[in-house]
Amino acid sequence: MKADLHCHTHLSDGQHTLAFVIERARANLVTHLAITDHDVSQALPQPVNQQGLKLINGVEISCLWESFELHVVGLFVDPTNMRLQTLLSAQQARRRERVAQIDDKLTALGTKGLLLDLLAMPAIALTRSHVADFLVANNVCKNRQKAFKTHLNRSGKLFVAAQWCDYTEAVRAIKAAGGISVLAHPGRYAMNKSKLHRLVECFAAAGGEGLEASYPNIAPDMNQYLIQLAIERGLYLSTGSDFHDAAAHWTDVGKFPALDRTAARHGIWHHPIWEQHANTESMSILKRL
Ligand code: AMP
Ligand code: MN
Ligand code: MN
Ligand code: MN
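Please read all numbers here as calculations on a predicted model, not as lab measurements.

## What to know about the coordination of the manganese ion (ligand 3)
- Looking at the manganese ion (ligand 3), the protein donor atoms are Glu 60 (OE), His 71 (ND1) and His 185 (NE2), and they sit 2.1 to 2.2 Å from it.
- Counting along the primary sequence, the residues that act as donors to the manganese ion (ligand 3) give the motif E-x10-H-x113-H.
- Here the manganese ion (ligand 3) and the manganese ion (ligand 2) are spaced 5.8 Å apart. One end of the pair, His 71, is in strand β4 (residues 68–75); the other, His 185, is in the loop between β6 (180–183) and α7 (193–205), with 114 residues separating them in the sequence.
- Among the residues examined, His 71 registers a relative accessible area of 15% and is labelled buried.
- Here His 185 falls in the buried class, since its relative accessible area comes to 7%.

## Notes on the nonpolar core
- If you look at the biggest cluster of nonpolar residues, it comprises 55 residues, and the most contacted ones within it are Ile 61, Leu 70, Leu 75 and Leu 226.
- Beyond its immediate chain neighbours, meaning those up to four positions away, Ile 61 contacts Asp 39, Leu 70, His 71, Val 72, Leu 84, Leu 87, Leu 88, Gln 91, Cys 165, Ala 170 and Ile 174.
- One finds Leu 106, Leu 126, Ala 132 and Phe 134 within the second-largest nonpolar core, a separate group that totals 17 residues.

## Some details on the site of ligand 1
- All residues adjacent to ligand 1 are Asp 13, His 38, Arg 95, Arg 98, Thr 127, Arg 128, Ser 129, Gln 145, Phe 148 and His 244.
- Take Arg 98: an N or O atom from its side chain is 2.4 Å from an oxygen atom of ligand 1.
- Taking His 244, its side chain carries an N or O atom lying 3.2 Å from an oxygen atom of ligand 1.
- Here ligand 1 loses 78% of its free accessible area of 490 Å² to cover by the protein chains.
- Looking at the shell around ligand 1, the elements that each hand over two or more residues are α2 (82–108), α4 (128–137) and α5 (144–152).
- Tallied by class, the residues present in the shell around ligand 1 amount to one nonpolar, five polar and four charged.
- Each of two domains, domain 1 (3–87 + 164–288) and domain 2 (96–152), supplies a minimum of three residues to the shell around ligand 1.

## Brief notes about the packing of α7 against helix α8 (residues 220–233)
- Close contact between α7 and α8 brings their axes to 12 Å; oriented N to C, the two are set at 35°. The interaxial crossing formed by α7 with α8 has right-handed handedness. Listed contacts from α8 to Lys 193, Leu 196, His 197, Val 200, Glu 201, Ala 204 and Ala 205 of α7 are Asp 221, Met 222, Tyr 225, Leu 226, Leu 229 and Arg 233.

Cut-offs applied
Residues numbered from 1 in each chain as written. Chains lettered and ligands numbered in written order. Predicted model: local features only at pLDDT ≥ 70, side-chain atom pairs only at ≥ 80, totals over all residues. Heavy atoms only, no water. Donors = N, O, S within 2.8 Å, 3.2 Å for Na, K, Ca; no water. Helix = DSSP H or I, 4+ residues; strand = E, 2+ residues; numbered from the N terminus. Buried < 20%, exposed > 50% of the residue type's maximum accessible area, 1.4 Å probe, protein only. Core = buried A, V, L, I, M, F, W, Y, C linked by side-chain atoms within 4.5 Å. Contact = heavy atoms within 4.5 Å. Near = heavy atom within 4 Å. Polar contact = N/O pair within 3.5 Å; in protein donor to acceptor, adjacent residues only side chain to side chain. Areas by Shrake-Rupley, 256 points an atom, 1.4 Å probe, with all protein chains shown as cover. Nonpolar A, V, L, I, M, F, W, Y, C, P; charged D, E, K, R; others polar. Domains from an automatic or database assignment. Axes fitted to C-alpha atoms, helices over the stretch in contact; angles between N-to-C directions. Left-handed = near helix turned anticlockwise from the far one by under 90°.

This is the structure:
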């Protein structure tokens, strides 16, 4: 079993279609694939046949914990759930509004057309990655990394603070939609371990049920720390590549360190909701799109 429970498509800032990501998952022998676009959840295709890959409807919600930006992944969410869709529509509107404000700043610096360009893309959730690509394409910045550093990060010329929902709202909406909330890439937040510990306590108290403990570039000590924390707190462990782009050779669908045997016993595949979906046919089973 290889469960990649964190991936993006071009509905947010992934570079590829769903069909491409599925093909890649299949080629890399992934058995379970969750599509977790930023602030977008769309129904995945129904079963084509009974062989191979299982698809899981997911989402990655940008939210705030005490004014700190976090990402909460929802797995097995029902994309037709009204409460979830209301929250996601609001997040998408905030994202468009943020791009409009960045467009105003960029126009003042002499480059026009950002919002129109982004609205013409397949993306439903407009992200800073899209803005970065626009800056590169229009010769404002040399590459994406520089675009973030000089323009889009907190101290950047085009920075606009996003007004995300509170993390408790994200967890409640995921629960209302029948899903499991997982704290995404905890080691990537700029905080020390005691703050991270407090975050995990808050997340669990709010109804969060899982931690991502395996993702690309996770430090081995962080991996062990998260496994211990999850076991102590009775949380499930999740794994995912956070795949965005096949051209970024250091990432791929299904590419992340495997959980060791002890940790795998606390894998999210033991969650009752997972088992319920595995036993009914509602988890899509696909061979080839
Ligand atoms: P947003 O959610 O609109 O703020 O966009 C954040 C997205 O930008 C993340 O999901 C990453 O995919 C990407 N990102 C954030 N920081 C960087 C960076 N320094 N370099 C490249 N991509 C980044
Ligand atoms: Mn992203
Ligand atoms: Mn994220
Ligand atoms: Mn992600």
